Amino acid sequence: LLTQMSVASLRAEWRKADAAYRSGSPSMPDEEFDQLEAKLRSVAPHAPELQVPGGGTALLSLNNETFEDWRYRLPAGIAFVVEPKIDGCAVALRYVNGRLEAAWTRSGRSAMPSVDLVDSVPRVIKASGVVQVNGELYGVGIEKSQQNAAKSLNKKPNGDGLAFMAYTLVNAKGDELASLQSMSKWGFTVPDALVCTRDSEVIALHQRWETGDLFYSLPTDGIVVKVLSHDLQRQFGVTDRHPCWALAMKK
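Criteria and thresholds
- Residues numbered from 1 in each chain as written.
- Predicted model: local features only at pLDDT ≥ 70, side-chain atom pairs only at ≥ 80, totals over all residues.
- Heavy atoms only, no water.
- Pairing = 2+ DSSP bridges.
- Helix = DSSP H or I, 4+ residues; strand = E, 2+ residues; numbered from the N terminus.
- Axes fitted to C-alpha atoms, helices over the stretch in contact; angles between N-to-C directions.
- 1 Å grid on protein atoms, 1.4 Å probe; cavity = no way out; pocket = protein on both sides within 12 Å on 5 of 7 lines; lining within 4 Å.
- Points joined across faces, edges and corners; volume = space filled by probe spheres on them.
- Nonpolar A, V, L, I, M, F, W, Y, C, P; charged D, E, K, R; others polar.
- Expected span 1.5 Å × (residues − 1).
- Buried < 20%, exposed > 50% of the residue type's maximum accessible area, 1.4 Å probe, protein only.
- Salt bridge = Lys/Arg side-chain N within 4 Å of Asp/Glu carboxyl O.
- Contact = heavy atoms within 4.5 Å.
- Core = buried A, V, L, I, M, F, W, Y, C linked by side-chain atoms within 4.5 Å.
- Polar contact = N/O pair within 3.5 Å; in protein donor to acceptor, adjacent residues only side chain to side chain.

A. Spotlight on the sheet that holds strand β3 (residues 99-105). Ordered in space as β3-β2-β4-β5, the 4 strands form an open sheet in which the pairing is antiparallel. In the strand order of this sheet, the two ends are held by β3 and β5 (162-169), each with one partner. Taking the axes of each pair of neighbouring strands and ignoring which way they run, one obtains an average angle of 30° across the sheet. Two strands pair when backbone bridges link them, and strand β4 (residues 130-139) and β5 are joined in this way by 7 bridges, in the antiparallel orientation. Pairing of L137 across the sheet is with F164, part of β5.

Below, the structure is given as structure tokens:
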């Protein structure tokens, strides 16, 4: 068992790495940070650093193993959807009876000061009850999209040149296309989504992205492959780090 001192050290290491990421100069790869967070979550699940404001669901990272290894664990005959992997900072939005009540980052820190400055985040949507929308805050038309978004999540946020793209409707029914359509009707910008029924189609789309022939108008660092059906997504579940039904394919 870890002592109180070692737990404190682990929390301090997490805060240091998170601060470096938010400043736009990450001190470690995403995979290493995910491992650090998983370790902290296992020994101190109630640590303040891990709490999510507004009572929402925490943002997970994306699995980035090879497509072949990921696909091997899934059944045959299922459909996928391919979307751009935006090079920005993940942000979750929580609406209560249609009004924006909370926003937070993957680290659980409130993102409301920055979100309030971004025009593409609707303050009111036509939805009842509690709705959570996950998406990406990113820089428009600039080379360092992620760094610009990360800096805006600082203590002195600046919404200049920032946009928000919604990509997940949490606990939705139907499938990914229906969710994107719902979010679009609410006023969100959503990504183009390409449905694939064969593995070869996914691989071909990844090759197109690598050559700059797909999603070239957006700041991307890969593509995201998701299982199309929400029922199947719930069946496959999530780990403490990432959903088992989604994959990031980079270069």
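B. Molecular detail of empty space enclosed by the protein. With the rule as written, the count across this model stands at 2 cavities of 30 Å³ or more. Taken as a whole, the largest cavity encloses approximately 70 Å³ of empty space. The wall of the largest cavity is formed by D34, E37, A38, R41, L59, L60, S61, R106, D240 and R241. Grouping the amino acids of the lining of the largest cavity by side-chain chemistry returns 3 nonpolar, 1 polar and 6 charged. Taken as a whole, the second largest cavity spans an internal volume of roughly 50 Å³. Residue lining of the second largest cavity: 11 residues in total, with R41, L50, R106, S107 and G108 positioned closest to the centre. Mapped onto the lining of the second largest cavity, the elements with two or more residues apiece are α2 (30-43) and β3. Of the residues assigned to the lining of the second largest cavity, the class counts are 5 nonpolar, 3 polar and 3 charged.

C. Main features of α2. For α2, built from 14 residues, the straight-helix expectation of 20 Å at 1.5 Å per residue is met to within 8% by its first-to-last C-alpha distance of 20 Å. For α2, every residue scored as buried is listed here: F33, D34, L36, E37, A38 and L40.

D. Quick look at the pattern of salt bridges. Tallied over the full model, the rule gives 8 salt bridges. Put simply, E65 and R73 hold a salt bridge, and the shortest N to O gap is 2.3 Å. With a relative accessible area of 23%, E65 lands in the partly exposed category. In this structure, E201 engages R198 in a salt bridge whose closest nitrogen and oxygen atoms are separated by 3.4 Å.

E. Inspection of the sheet that holds strand β6 (residues 194-196) at higher detail. Taken in spatial order, the 4 strands make up an open sheet running β6-β1-β7-β8, and their pairing is antiparallel. Two strands in the sheet have a free side with no partner beyond their single neighbour: β6 and β8 (246-249). Recorded for the sheet is a direction-independent mean angle of 30° between the axes of neighbouring strands. In the packing of helix α7 (residues 199-210) onto the sheet, contacts are made with β1 (80-86), β6, β7 (220-227) and β8, and the angle to β7 comes to roughly 165°.

F. Spatial organisation of the environment of A103. One can find A103 in strand β3. On the accessibility criterion, A103 (1% relative accessible area) is buried. For A103 and V81, which are 22 residues apart along the polypeptide, the C-alpha to C-alpha distance reads 26 Å.

G. Here's a closer look at the nonpolar core. Ranked by internal contacts, the top residues of the largest apolar core, which has 28 residues, are L93, F164 and F188. The set of elements that each furnish at least two residues to this core consists of β2 (89-96), β3, α4 (112-115), β4, α5 (145-152), β5 and α6 (176-185). Leave out the neighbours within four places in its chain, and L93 touches L100, A102, A103, V115, V121, V131, Q132, V133, F164 and F188. Within the second largest apolar cluster, 20 residues are counted, among which are F80, V202, F236 and W245.

H. The side chain of S61, seen in detail. Relative to the assigned elements, S61 resides in the loop between α2 and α3 (67-72). Take S61: its relative accessible area is 11%, and that puts it in the buried class. Polar side-chain contacts of S61 include one of 2.8 Å to the side chain of D34. Filtering out sequence-adjacent residues up to four positions away, S61 remains in contact with D34, R106, R241, H242 and P243.

I. Region of interest: unusual backbone geometry. A positive phi angle is found at N97, which is not glycine, with a value near 50°. The backbone phi angle of N171 is positive, close to 60°, even though this residue is not glycine. For N171, a relative accessible area of 68% gives the class exposed.

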